[in-house]
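Each chain is listed here by its residues.
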Amino acid sequence: MKITRLLQLFFILSIIFVPSCGDNDEEIIVLEEVTLISFEEATFSEDEFIIYLTEDPIGKTFSFGPGTYSFANTIPLADIDNLTIKGAGINETYFDFSNSTSTTGEGIAAVDCSNLLFCGFTVQNTNGGNGITARNITGLRFDGVGVVWSERSSDNGAYGIYPVESDDIIVENCYTQAAVDAGIYSGQNQRVIMRNNVMTLNVFGMEAENNIDVEIYGNEFTRNTTGLLTYDLFGVSRIKSGSNCKVYNNTFTDNNESNFAELGSGLAADVPPGFGILYSATTALEITGNTFVDNECGAVLGVAYFLVDFNFDPNEDSSFTFLNEDIYIHDNSYSSGGGTYNVAGILDRPAGPLVWYTIALNGNVRPDIFLDDQDYTAGGAPYAGSRAVIEESSDVVLIEANFVQAGDGIITITSTSLDDFTGTGTTHTNFDLVDTPSDCVE
Amino acid sequence: MQKTFFIVILFLITLLSSSCNIEDKYAPINEYANIDLSQVPYNNLSDYKFFTGEMNELNPDQGVYSYNVTSPLFSDYTSKERFIYLPEGTNMEYQGDFNVLNFPIGTIIIKNFIYYKDIRDKSLGRTIIETRLLVRKETKWKPFSYKWNDEQTEAARLIVGGTVTGSTIAENGNLKEIPRYVIPRELDCRTCHNLNEDMLPIGPKPANLNRLMADDLSVNQIENFVEQGILSGTPANISQVPDYRDTSLDPITRGKAYLDANCAFCHRQGGTANANGLFINWDYEGEGIHTGIFKIPTNFNAPDLQYDIVPGSPDESILLYRMTQTQAPDVMPQIGRSINHDEGIEIIREYIYNIE
């Protein structure tokens, strides 16, 4: 039988103690089965794989040889401890979902698991859903995983790699391309490291939303609509307001591609091209050591939540932090490259509140850092957010503006001086992440 | 001689009961329906012996109880016949109007998905498509699926799901063709049957069961369970999720009842969609953003639409939009529906139109 032929079983003798029925504890030797199940392209059966995942997935490593594996449906993982899905390499093993009939449109969907490891494969062309969704996972690592769509199309999946409501996550050495929202996303998670990834041709290269304790470093954001979005969305459940994110030693290059999302809801639909980092409703963000090259609208854009959602009412939930607090931007490298604004791309997004920011650029010197002065009146009450602390070389161009009447097209410049942004910056707090081991050899 | 015999028997009993045999844990829960929990899932539905006579008539045997819910989930115009199997001598316990009953180990919830030729006249015949079981094992619920054969004599376990075609004439006399009815994979059950990291039944909560018996409109279903001795701990008064099909109800009530049955298994606190913060279960008491009003969805971009619900404007509301879609990733619910529920769409249209 095919399955048997493909099975490589490894048995490890282990000793466990179990209470006996009598008074004396006795030592019983049992066989603990650790199983590597290998698939090859030529003989792979999706049904066999699904039966394994249904009947006995715990502790298994599913290894896929080189080649393209075509899936008719989402790969579902539920209630599993210790599982590895492993390919022969990010450019060797492809999981193709072009012909999937999944109604979620996802490639892989994991829920309620612990210690999951994905490595050495690429998910391609899911039919409208995320590449890999991971919900409520404790201990999650993506190492050398690709999620790609062949073309930039509004029918693509929103997110490439999408962990949500999870803890202790590492996303490293991954590649994402042409997600219609964000290539790599982290939402409502605690303790997240996203490092050494490459994101290109997505709307956002990466998005961090409502997380606590995040480090984003060593990544390349190249030719996305905008590089990185870090913000808090109002009205979510597990983490209403995030905190403590450090973005360092990344490169943001030429993130000016047109926005190919359908006009609609959320920032992905609204964001005009040309920014390195966009942040909003964020607490404790440190941006340092990054290199910004040729992002046409600016390196860093910081806005209060009022500009994300014109209907936002701060009285509705006092636990939501809608202004930016404890922002520390220092020691980054800025190179504008002398390009022109992508005005056509900007005006392509007329529905988005953010468009006012970029229209405000007309007639002004293009800034490297462009900030909301966070001076608002809402529901009859005044709100004044604190300024970011900025320590950059004196040739960095900054514009701070008031957008209270942005909807009427009136935008007032309130500062262009770095001297208004001095103070003691809040540095990122280190955190201890429980590391999910990776046995990916590449 | 007799005395010696008894001593030997006693000795054997003592020996057996003190042995440490792994089988002990998995001894049959009861004898009367011969369901050996350690052997579940059986390969064939008939192995469970849930039904007497011709299996396809779905006449429940001893220990198997028919039930109905007030406000059913739409599943491509299938009709559903629901049963609960309880091990002999056990009963279900009330644990709150909106919490599913506490079921004893060994419980099996049985849901049959059926296309009647004409729902208005059941005597014209029917096809049972599939039977889904939720089994209360020792530590958790496990789902198992069975697909009926063309002869309607047996249903075999189907882990990997599949598709069939179906058709029925609905209550309003319209012919409904379902070219691609999907039998979910067993792993897909978790998509909806999920609360606070545990797999759980959805339907059998007291507020859903609080209705008249389908076959005896003079008897309340919950009272009937109590009288039969299979349900304990019920209070005098129990809430009810109304029947959204009841046209005498106001549009807001019908809408909320529809959302409870068709969306809230995920869109509630602790549900699969907990992260999204859209809570549209009947018993959610909050107001504002979490009810969907002017709420930006966390991970969905609808063409030219901003918010889940725009009060008074159903056609500007993502919630209604997704009910009118059948393809990934727009379709909601994400599994279990391949064609539109026209009546449900109208209920939600009226609901949003009437929200102030």
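The structure displayed is predicted, hence computed values, not measured ones.

Cut-off values and rules
Residues numbered from 1 in each chain as written. Chains lettered and ligands numbered in written order. Predicted model: local features only at pLDDT ≥ 70, side-chain atom pairs only at ≥ 80, totals over all residues. Heavy atoms only, no water. Helix = DSSP H or I, 4+ residues; strand = E, 2+ residues; numbered from the N terminus. Areas by Shrake-Rupley, 256 points an atom, 1.4 Å probe, with all protein chains shown as cover. Contact = heavy atoms within 4.5 Å. Buried area = accessible area lost by both parts, 1.4 Å probe. Salt bridge = Lys/Arg side-chain N within 4 Å of Asp/Glu carboxyl O. Nonpolar A, V, L, I, M, F, W, Y, C, P; charged D, E, K, R; others polar. Axes fitted to C-alpha atoms, helices over the stretch in contact; angles between N-to-C directions. Parallel < 35°, antiparallel > 145°, perpendicular 65-115°, else oblique. Left-handed = near helix turned anticlockwise from the far one by under 90°. 1 Å grid on protein atoms, 1.4 Å probe; cavity = no way out; pocket = protein on both sides within 12 Å on 5 of 7 lines; lining within 4 Å. Points joined across faces, edges and corners; volume = space filled by probe spheres on them. Domains from an automatic or database assignment. Buried < 20%, exposed > 50% of the residue type's maximum accessible area, 1.4 Å probe, protein only. Pairing = 2+ DSSP bridges. Phe/Tyr/Trp six-rings, centres within 6.5 Å; stacked < 30°, edge-to-face > 60°. Lys NZ or Arg CZ within 6 Å of the ring centre and 35° of its normal. Core = buried A, V, L, I, M, F, W, Y, C linked by side-chain atoms within 4.5 Å. Disulfide = S-S within 2.5 Å.

Draft legend 1. Region of the structure containing the overall build of chain B. Counting its regular elements, chain B contains seven helices and 14 strands. In the structure as shown, chain B presents an accessible area of about 16500 Å², 50% of it carried by carbon and sulfur atoms.

Draft legend 2. Highlighting the interface of chain A and chain B. Across the boundary between the two partners, chain A contributes 50 residues, which contact 45 residues of chain B. Both faces combined, the contact of chain A with chain B buries some 3800 Å², and carbon together with sulfur accounts for 50% of it. Our count for the contact surface shared by chain A and chain B stands at four salt bridges. With its nearest N and O atoms 3.8 Å apart, the salt bridge here joins Asp79(A) to Arg190(B). Broken down by secondary-structure element, the contributors of at least two residues to the side of chain A that touches chain B are helix H2 (46–55), strand E5 (75–78), strand E8 (108–124), strand E9 (132–148), strand E10 (159–164) and helix H3 (266–270) of chain A. Among the elements that take part in the side of chain A that touches chain B, H2(A) stands out by supplying seven residues, more than any other. Here the side of chain A that touches chain B is built from residues that sort into 17 nonpolar, 20 polar and 13 charged.

Draft legend 3. Representation of the packing of helix H5 (residues 251–262) of chain B against helix H7 (residues 342–354) of chain B within the structure. Residues and elements named next belong to chain B. The geometry of H5 relative to H7 is characterised by a closest axis approach of 8 Å and an angle of 125° between their N-to-C directions. Considered as vectors, H5 and H7 are oriented oblique to each other. For the element pair H5 and H7, the recorded crossing hand is left-handed. Of the residues in H7, those touching H5 at Pro 251, Ile 252, Arg 254, Gly 255, Lys 256, Tyr 258 and Leu 259 are Gly 344, Ile 347, Ile 348, Glu 350, Tyr 351 and Asn 354. Residue classes in the contact of H5 with H7 are distributed as seven nonpolar, three polar and three charged.

Draft legend 4. Up close: empty space enclosed by the protein. All names here are of chain B. For the coordinates displayed, the defined rule picks out seven cavities of 30 Å³ or more. What the largest cavity holds in volume is close to 640 Å³. Taken together, 36 residues line the largest cavity, and the ones lying closest to its centre are Leu 73, Lys 111, Arg 132, His 193 and Ile 202. Those elements that place two or more of their residues in the lining of the largest cavity are strand E4 (79–85), strand E6 (108–116), strand E7 (126–136), strand E11 (175–183), helix H2 (189–192) and H5. Along the lines of polarity and charge, the residues of the lining of the largest cavity split into 22 nonpolar, six polar and eight charged. Residue assignment places the lining of the largest cavity across two domains, with domain 1 (31–240) and domain 2 (242–356) each supplying three or more.

Draft legend 5. How the structure looks around the pattern of salt bridges. Residues and elements named next belong to chain B. For the coordinates displayed, the defined rule picks out 23 salt bridges over all chains. With a shortest N-O distance of 2.6 Å, Glu 186 and Arg 157 are connected by a salt bridge. Placement of Glu 186 in the loop between E11 and H2 and of Arg 157 in strand E9 (residues 155–157) is noted, with a sequence separation of 29 residues between them. The two residues Glu 186 and Arg 157 agree in class, both being buried. One salt bridge connects Asp 260 with Lys 205, and the closest N-O pair in it is separated by 3.5 Å. Separated by 55 residues along the polypeptide, Asp 260 in helix H5 and Lys 205 in the loop between H2 and helix H3 (206–209) bring together distant segments of the chain.

Draft legend 6. Expanded view of the sheet that holds E7(B). Residues and elements named next belong to chain B. Reading across the sheet, the six strands line up as E3-E4-E6-E7-E8-E9 and stay open at both edges, with antiparallel pairing between neighbours. Of all the strands in the sheet, the pair left with one neighbour each is strand E3 (64–67) and E9. In this sheet, neighbouring strand axes are inclined to one another by 25° on average, regardless of whether the strands run parallel or antiparallel.

Draft legend 7. Examining H2(A) more closely. For H2(A), the buried fraction is high: seven of the ten residues fall into the buried class. All of the buried residues along H2(A) are Glu46(A), Glu48(A), Phe49(A), Ile50(A), Tyr52(A), Leu53(A) and Thr54(A).

Draft legend 8. Geometry of the packing of aromatic side chains. Scanning the entire structure with this criterion turns up 52 aromatic pairs over all chains. Above the plane of the ring of Tyr248(A) lies Lys246(A), whose end atom (NZ or CZ) is 4.6 Å from the centre. Its guanidinium or amino end placed over the ring of Phe300(B), Arg322(B) lies 3.6 Å from that ring's centre, counting from NZ or CZ.

Draft legend 9. The arrangement of the nonpolar core in detail. Counting residues in each nonpolar core, the largest one holds 105 residues, and the members touching the most others are Phe49(A), Phe64(A), Leu77(A), Phe95(A), Phe118(A), Ile216(A) and Ile348(B). If we skip the residues at most four places from it in the chain, Phe49(A) touches Phe39(A), Phe44(A), Phe62(A), Phe64(A), Phe71(A), Ile75(A) and Ile85(A).

Draft legend 10. Expanded view of the layout of surface pockets. Residues and elements named next belong to chain B. Its volume calculated, the second largest pocket comes out at about 1100 Å³. Surrounding the second largest pocket, 36 residues form its lining, Pro 72, Ser 79, Ile 119, Glu 171 and Arg 245 being those nearest its centre. The set of elements that each furnish at least two residues to the lining of the second largest pocket consists of E3, E4, strand E10 (162–169) and H7. Among the elements that make up the lining of the second largest pocket, the one with the highest residue count is E4 (five residues). Each of domain 1 (31–240) and domain 2 (242–356) accounts for three or more of the residues forming the lining of the second largest pocket.

Draft legend 11. Inspection of the state of the cysteines at higher detail. All names here are of chain B. In the structure shown here, the tally under the stated rule is zero disulfides over all chains. The structure places no disulfide on Cys 192, whose sulfur is separated from the nearest cysteine sulfur, that of Cys 266, by 4.7 Å. When its relative accessible area of 12% is taken as the criterion, Cys 192 is described as buried.

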